[in-house]
Amino acid sequence: MLESLNLEDRTIIVTGGGTGLGRAMVLALAKAGADLVVAARRIGPIEEAAADVRALGGRALAISTDVTDSSQVDSMVQRTITEFGKVDVLINNAGIVRDQRAKPIWEITDDEWRVGIDVNLSSAFLCSRAVAQHMVQRERGKIINVSSGFGLRGGRDNYLYAAAKGGIINLTRVLATSLSRYGIIATCIVPGF
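Residues numbered from 1 in each chain as written. Predicted model: local features only at pLDDT ≥ 70, side-chain atom pairs only at ≥ 80, totals over all residues. Heavy atoms only, no water.

Regarding the nonpolar core
Line of reasoning, step 1. The biggest cluster of nonpolar side chains holds 27 residues, and the ones touching the most others in it are Ile13, Val37, Met76, Leu90, Val131, Met135 and Ile143.
Line of reasoning, step 2. Those elements that place two or more of their residues in this core are strand S2 (35-40), strand S3 (60-64), helix H3 (70-84), helix H4 (110-138), helix H6 (159-179) and strand S6 (184-189).
Line of reasoning, step 3. If we ignore the near neighbours within four places in the chain, the residues touching isoleucine 143 are Leu90, Asn92, Ser128, Val131, Met135, Leu175, Leu179, Ile184, Ile185, Ala186 and Thr187.
Line of reasoning, step 4. Leu36, Val53, Ala62 and Val146 belong to the second-largest nonpolar core, a separate cluster that totals 19 residues. (Core = buried A, V, L, I, M, F, W, Y, C linked by side-chain atoms within 4.5 Å. Buried < 20%, exposed > 50% of the residue type's maximum accessible area, 1.4 Å probe, protein only. Helix = DSSP H or I, 4+ residues; strand = E, 2+ residues; numbered from the N terminus. Contact = heavy atoms within 4.5 Å.)

With respect to the packing of H4 against H6
Line of reasoning, step 1. H6 packs onto H4 with a crossing angle of 15 degrees between their chain directions and a minimal axis gap of 8 Å. Comparing the axis directions of H4 and H6 gives the class roughly parallel. Like other packed secondary-structure pairs, H4 and H6 cross with a definite hand, here right-handed. Together, Glu112, Trp113, Gly116, Ile117, Asn120, Leu121, Ala124, Phe125, Ser128, Ala132 and Val136 of H4 and Tyr159, Leu160, Tyr161, Ala163, Ala164, Lys165, Gly167, Ile168, Leu171, Leu175 and Leu179 of H6 make up the contact between the two elements. (Axes fitted to C-alpha atoms, helices over the stretch in contact; angles between N-to-C directions. Parallel < 35°, antiparallel > 145°, perpendicular 65-115°, else oblique. Left-handed = near helix turned anticlockwise from the far one by under 90°.)

With respect to the pairing of strand S1 (residues 11-15)
Line of reasoning, step 1. By the criterion of burial, S1 is predominantly enclosed, with five of the five residues buried.
Line of reasoning, step 2. Sheet topology places S1 next to S2; five bridges connect them, and they run parallel. Note on S2: the bridge partner recorded for isoleucine 13 is valine 37.
Line of reasoning, step 3. Between the parallel elements S1 and S2, the chain passes through helix H1 (residues 20-31) in a crossover that is right-handed. (Pairing = 2+ DSSP bridges. Right-handed = clockwise from strand over helix to strand, strands pointing away.)

Quick word on the packing of H3 against H4
Line of reasoning, step 1. Here H3 crosses H4 at 40 degrees, and the two axes come no closer than 9 Å. Classified by the interaxial angle, the pair formed by H3 and H4 is oblique. Crossing hand, H3 versus H4: right-handed. Residue-level inspection shows Ser70, Val73, Asp74, Met76, Val77 and Ile81 of H3 in contact with H4, the latter providing Leu126, Cys127, Arg129, Ala130, Val131 and His134.
Line of reasoning, step 2. A class-by-class count of the residues in the contact of H3 with H4 yields eight nonpolar, two polar and two charged. (Nonpolar A, V, L, I, M, F, W, Y, C, P; charged D, E, K, R; others polar.)

Quick look at a nonpolar patch on the surface
Line of reasoning, step 1. On the surface, Ile105, Trp106, Trp113 and Tyr159 cluster together into a nonpolar patch covering about 490 Å² of accessible area.
Line of reasoning, step 2. Judged by its relative accessible area of 31%, tyrosine 159 is partly exposed. (Patch = residues over 30% accessible without salt bridge, like charges linked within 9 Å, V, L, I, M, F, W, Y side chains within 5 Å. Areas by Shrake-Rupley, 256 points an atom, 1.4 Å probe, with all protein chains shown as cover. Salt bridge = Lys/Arg side-chain N within 4 Å of Asp/Glu carboxyl O.)

Below, the structure is given as structure tokens:
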């Protein structure tokens, strides 16, 4: 079984990889032998995660990236390809829930809506778009999107997060049906309590 979990010679990008679920994924993937690119806005947590990967004997690169900015996303992917030669797996894990208390729809500002949708949904689109052609040229790759139970069932007065995570599920469906003909597998995980 351990051989089937061997990720040696695989390069994996994890967005939101400096804390929480993302950091746990980074460490587990490193233990399986993967080369990791840890991407997020805050340099401190991603540097720490990359240092933990190196302490396990792996290769890691921390790249400060605002995943809602397509030029930064494109730069992160290009830097990954320059450093490691390829991208085998993209894990779209970046997301926010901070300052998103449940509140009536009429209290949600335009800026709150844009930030919630951009970080929790648009970022996955931008990152997937940035790696897709590279993966198509290689005729292989995996895109793993992280959603939430709220994306399946919604939640009272939880507009931004639930709508975005529901969008992640459908984005994954479109990626899967569109890119599978090129050898790319797109899946979605839905962590919960």
